[in-house]
Amino acid sequence: MSSRDDELIKSYIDSPVKQRMLYKQTLLIVSISQIFGGAGLAAGITVGALLAQEMMGTDAFAGMPAALFTVGSAGAAFAVGRLSQRYGRRIGLTTGFVVGGLGAMGVVIAAIVNSIFLLFVFLLIYGAGTATNLQARYAGTDLAEKNQRATAISIAMVSVTFGAFAGPNLVGVMGVFATAIGIPALAGPFLLSGVAFLLAGFIIFLMLRPDPFLLVRKMEVYKQEPNDETLTLKETDLDENKRGIAVGATVMILSQMVMIAIMTMTPIHMTHHGHGLGAIGLVIGIHIGSMYLPSLVTGVLVDKIGRTAMAIAAGFTLLLAGLLAAFAPSDSILVLIIALSLLGVGWNFGLISGTAQIVDSTAASQRAKTQGTVDVFIALAGASGGAMSGMIVANMSYTILSLAGGGLSLLLIPVVIWSRRKGKRREESDV
């Protein structure tokens, strides 16, 4: 951090008014970047499986693109978390978005030369944009009070809706454009992804000053007093924090795995039943919109009625989504839209409630690093869901995949109930 940045941060430490202004400014900047990040994320998700199917000539590995860019996002989540912890959100998020943008451009090159090897390599790199787009939600919480953290997360996420809905619905347009300049049609959306991720990184780099995370970290250091209360962390507090991190991570991991598995194979399922790119783009676009658009309401609910209640709601919503997807008539786009919408809403409930729990359970001295580590496991869970989804559909059916995903989501309920009961027992023993 430069001396100029250090002086700027110090000017905010003793001014609550400036801190509130920076909080609002940070949410605005992150929201703008998320519009472009959402477009970059959604365009690649929509056609990734179809591009792999076309290049490899089989459905069995159609889930590999989602698995690969999700594995890539796991590595990127770790790196972005470490960079953010050391240098702040601005450097961490900028780096992630730029790397993701370069990966998307590499996918286009792989499609042009028809190289499966290059496709897999650049899909891994493209995953950095996915991870960064998800980690940007944490930036909104850095200056938020505890009773507004979930709302802050939701404000940062809801802007993704605009880009997320536009991305899949530009698939046809980008396909025509790509064909016109001699590029395979299914590689066209990755052009959009590359430009969108690079623009998101450019916005963060230029505008996220002073860095909110560096400010909070400085404030935490200055507020500490050298007395017994601050020098000694109670064992009960430490246990509470560890349990909070574990439960928050579990909620997000299961939500991600179920959502990725069903979403990844829906375009393939629709293609098998005669639906075109326009219909696929509509279904996936609405699904991704449903992942982010409910965020404003979800954030308020998580802050008002609690993390636990909304995590349980996530489990039931994902179950209903799996059941509807499993039994949707093959020619009914409407039922698929409803099923995929519920899938997005359930994921939204799980992500925001789990993220709020993670923020509640971490101090600034370790927060970004812990958040990055948790997102690694979320990404790996998504990679597992994406990889297994293709094999399940190829060897069984989309119906079995959807039923399995719905059943898996029910594990959320005993996890959060266990945590709540253990917390109550701890409180009773301390009385």
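Just so we're clear, the structure is a prediction, and the values are computed from it rather than from any experiment.

### Digging into the overall build of the protein
Okay, so step 1: Along the protein, the regular secondary structure elements total 19 helices and zero strands.
Okay, so step 2: Looking at the protein alone, contacts between residues at least 24 apart form 87% of all its contacts between residues at least 6 apart.
Okay, so step 3: About 17300 Å² of surface is accessible on the protein, with carbon and sulfur atoms providing 66% of the total.

### Overview of a nonpolar patch on the surface
Okay, so step 1: Taken together, the side chains of Val-71, Val-99, Leu-124, Ile-125, Phe-377 and Leu-380 define a hydrophobic patch exposed on the protein surface, amounting to about 440 Å² of accessible area.
Okay, so step 2: Those elements that provide at least two residues to the nonpolar patch are α5 (116–139) and α17 (367–395).
Okay, so step 3: For Leu-124, the location among the structural elements is in helix α5.

### Let's talk about the pattern of salt bridges
Pairs may arise between side chains of opposite charge once their charged atoms sit close together.
Okay, so step 1: Applying the stated criterion across every chain yields a total of four salt bridges.
Okay, so step 2: One salt bridge connects Asp-303 with Arg-307, and the closest N-O pair in it is separated by 3.2 Å. Comparing Asp-303 with Arg-307 shows no difference in burial state: the two are buried.
Okay, so step 3: Where Asp-360 meets Arg-307, a salt bridge forms, and the shortest distance between an N and an O atom there is 2.9 Å. Highlighted residues: Asp-360 in helix α16 (residues 333–360) and Arg-307 in helix α15 (residues 307–327), separated in sequence by 53 residues.

### A word on helix α18 (residues 398–409)
An α-helix turns once every 3.6 residues. As a result, residues three or four positions apart point the same way.
Okay, so step 1: Under the 1.5 Å per step criterion, the end-to-end length of α18 is 17 Å for 12 residues, consistent within 8% with the ideal 16 Å.
Okay, so step 2: Considered for burial, the residues of α18 that qualify are Tyr-398, Leu-401, Ser-402, Gly-405, Gly-406 and Ser-409. Along the axis of α18, the buried positions cluster into a sector of 130°, meaning they face one direction only.

### Points about the nonpolar core
Okay, so step 1: Of all hydrophobic cores here, the largest spans 93 residues; its most connected members are Leu-51, Phe-190, Tyr-292, Leu-343, Trp-347 and Tyr-398.
Okay, so step 2: The dominant element in this core, judged by the number of residues it contributes, is helix α12 (residues 235–272), at 14 residues.
Okay, so step 3: Non-local contacts of Tyr-398, meaning those with residues more than four positions away in its chain, are made with Ile-262, Met-265, Thr-266, His-269, Ala-325, Leu-336, Leu-340 and Val-393.
Okay, so step 4: Formed by 12 residues, the second largest nonpolar core is a distinct cluster that contains Leu-22, Leu-143, Ala-152 and Ala-364.

### Focus: the side chain of Thr-141
Okay, so step 1: One can find Thr-141 in the loop between α5 and α6 (149–158).
Okay, so step 2: Judged by relative accessible area, which is 1%, Thr-141 ranks as buried.
Okay, so step 3: A distance of 2.7 Å separates the side chain of Thr-141 from the backbone oxygen of Tyr-138, its partner in a polar contact.
Okay, so step 4: Discounting residues that sit within four places of it in the chain, Thr-141 has contacts with Arg-149, Ala-152, Ile-153 and Val-359.

### Considerations on the confidence of the model for the protein
Okay, so step 1: A residue-level look at the protein finds 86% of positions with pLDDT of 70 or above and a mean pLDDT of 80.
Okay, so step 2: Across the protein, element-level confidence peaks in helix α4 (residues 89–113) with a mean pLDDT of 93 and bottoms out in helix α11 (residues 228–231) with 42.
Okay, so step 3: Low pLDDT, under 50, characterises residues 225–233; the stretch is placed with three contacts to residues that sit more than four places away or in other chains.

### Thoughts on the packing of aromatic side chains
Okay, so step 1: Counted under the stated rule, the structure contains three aromatic pairs.
Okay, so step 2: Relative to Phe-190, the ring of Tyr-126 lies with its centre 5.4 Å away and its plane at 70°, an arrangement referred to as edge-to-face. With Tyr-126 in helix α5 and Phe-190 in helix α9 (residues 188–207), this residue pair connects regions lying 64 residues apart in the sequence.
Okay, so step 3: Its relative accessible area of 0% is what places Tyr-126 among the buried residues.
Okay, so step 4: Ring centres of Tyr-126 and Phe-197 lie 5.7 Å apart, and the angle between their planes is 50°; this geometry places the pair in the tilted category. Here the residue Tyr-126 occupies a position in helix α5, and Phe-197 occupies one in helix α9, the gap between them amounting to 71 residues.
Okay, so step 5: Given a relative accessible area of 0%, Phe-197 falls into the buried group.

### Examining the side chain of Arg-367
Okay, so step 1: For Arg-367, the location among the structural elements is in helix α17.
Okay, so step 2: Despite its burial, Arg-367 pairs with no opposite charge; the closest candidate is Asp-142, at 4.7 Å N-O.
Okay, so step 3: Setting aside chain neighbours within four positions, we find Arg-367 in contact with Gln-85, Arg-149, Phe-213, Val-216, Val-359 and Thr-362.

### Considerations on the environment of Gly-344
Okay, so step 1: The residue Gly-344 is located in helix α16 in this model.
Okay, so step 2: Exposure remark for Gly-344: the relative accessible area of 0% places this residue in the buried category.
Okay, so step 3: Along the chain, Gly-344 and Ile-284 lie 60 residues apart, while their C-alpha atoms are 9.8 Å from each other.
Okay, so step 4: Aside from chain neighbours lying at most four places away, what touches Gly-344 is His-287, Ser-290 and Met-291.

### Concerning the packing of α5 against α16
Okay, so step 1: Running from N to C, α5 and α16 point in directions that differ by 50°, and their axes come no closer than 11 Å. In terms of their interaxial angle, α5 and α16 are classed as oblique. Crossing angle aside, the handedness with which α5 passes α16 is right-handed. When α5 is examined against α16, the residues Leu-134, Arg-137 and Tyr-138 are found in contact with a partner set consisting of Trp-347, Leu-351, Thr-355 and Val-359.
Okay, so step 2: Classifying every residue of the contact of α5 with α16 by side-chain character gives five nonpolar, one polar and one charged.

### Description of the environment of Val-195
Okay, so step 1: With respect to the helices and strands, Val-195 occurs in helix α9.
Okay, so step 2: On the basis of relative accessible area, Val-195 is assigned to the partly exposed category, the value being 43%.
Okay, so step 3: Sequence-wise, Val-195 and Ala-39 are 156 residues apart; in three dimensions their C-alpha atoms are separated by 9.4 Å.

Scoring rules and cut-offs
Residues numbered from 1 in each chain as written. Predicted model: local features only at pLDDT ≥ 70, side-chain atom pairs only at ≥ 80, totals over all residues. Heavy atoms only, no water. Helix = DSSP H or I, 4+ residues; strand = E, 2+ residues; numbered from the N terminus. Contact = heavy atoms within 4.5 Å. Areas by Shrake-Rupley, 256 points an atom, 1.4 Å probe, with all protein chains shown as cover. Patch = residues over 30% accessible without salt bridge, like charges linked within 9 Å, V, L, I, M, F, W, Y side chains within 5 Å. Salt bridge = Lys/Arg side-chain N within 4 Å of Asp/Glu carboxyl O. Buried < 20%, exposed > 50% of the residue type's maximum accessible area, 1.4 Å probe, protein only. Expected span 1.5 Å × (residues − 1). Arc of directions from axis to C-beta. Core = buried A, V, L, I, M, F, W, Y, C linked by side-chain atoms within 4.5 Å. Polar contact = N/O pair within 3.5 Å; in protein donor to acceptor, adjacent residues only side chain to side chain. pLDDT = per-residue confidence, 0-100. Phe/Tyr/Trp six-rings, centres within 6.5 Å; stacked < 30°, edge-to-face > 60°. Lys, Arg positive; Asp, Glu negative; His and termini not counted. Axes fitted to C-alpha atoms, helices over the stretch in contact; angles between N-to-C directions. Parallel < 35°, antiparallel > 145°, perpendicular 65-115°, else oblique. Left-handed = near helix turned anticlockwise from the far one by under 90°. Nonpolar A, V, L, I, M, F, W, Y, C, P; charged D, E, K, R; others polar.

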